[in-house]
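Chain by chain, the residues run as shown.
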Amino acid sequence: PRATIMNVSSGLAFVPLAMTPTYCATKAAIHSYTQSLRYQLKATNIDVIELIPPYVQTTLMGDQQANDPNAMPLDEFIDEVMSILKGQPDANELCVKKVYPLRFAGDPSQEKYEQFFNQFNASMHK
């Protein structure tokens, strides 16, 4: 009687990492697609959810990422996502707290966003 579509975007859909422009652009496209699909299916029995991960300890960008202390441990990420799914069954977006700075970086002040964007990208080059 009910169905769910879950798409996986990224915090980088909202604040791109300049060294991975194609990845960030495709994740931004997934975010846009998910919003549109959710709107198109709003009168149906199909829920459309977007999972928005932060930087997580996986091997996506090589073995060093799996142990990077700046990345969220995979087990913690999974536990927090499952907790959100159980506690907020009507959530349209699944955002663990670690992704909040990226997901909610948008601000009425373009200057603040530009400052965050530059700071974020500069920190990733260290």
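Residues numbered from 1 in each chain as written. Predicted model: local features only at pLDDT ≥ 70, side-chain atom pairs only at ≥ 80, totals over all residues. Heavy atoms only, no water.

**Description of the confidence of the model for the chain**
In step 1: Looking at the chain, pLDDT values average 92 and 95% of them are 70 or higher.
In step 2: Averaged over each element, pLDDT in the chain is lowest for helix α4 (residues 110–124) (79) and highest for strand β1 (residues 3–8) (98). (pLDDT = per-residue confidence, 0-100. Helix = DSSP H or I, 4+ residues; strand = E, 2+ residues; numbered from the N terminus.)

**Looking at the nonpolar core**
In step 1: If you look at the biggest cluster of nonpolar residues, it comprises 13 residues, and the most contacted ones within it are Leu12, Val15, Leu17, Ile52, Val99, Leu102 and Phe120.
In step 2: Contacts of Leu17, omitting those with residues within four sequence positions, involve Leu12, Cys24, Phe120, Asn121 and Met124.
In step 3: Among the nonpolar cores identified, the runner-up in size contains 10 residues, and Ile49, Leu51, Val56 and Phe77 belong to it. (Core = buried A, V, L, I, M, F, W, Y, C linked by side-chain atoms within 4.5 Å. Buried < 20%, exposed > 50% of the residue type's maximum accessible area, 1.4 Å probe, protein only. Contact = heavy atoms within 4.5 Å.)

**Thoughts on the pairing of strand β2 (residues 46–52)**
In step 1: Counting buried positions over the seven residues of β2 gives five, a clear majority of the element.
In step 2: Here six bridges tie β1 to β2, and the two strands are oriented parallel to one another. Across the sheet, Thr4 pairs through a bridge with Asp47, a residue of β2.
In step 3: Between the parallel elements β1 and β2, the chain passes through helix α1 (residues 21–40) in a crossover that is right-handed.
In step 4: Two strands pair when backbone bridges link them, and β2 and strand β3 (residues 93–95) are joined in this way by three bridges, in the parallel orientation. Within β3, the residue paired with Leu51 across the bridge is Leu94.
In step 5: A crossover connection joins β2 to the parallel β3 through helix α2 (residues 74–87); in handedness this β-α-β unit is left-handed. (Pairing = 2+ DSSP bridges. Right-handed = clockwise from strand over helix to strand, strands pointing away.)

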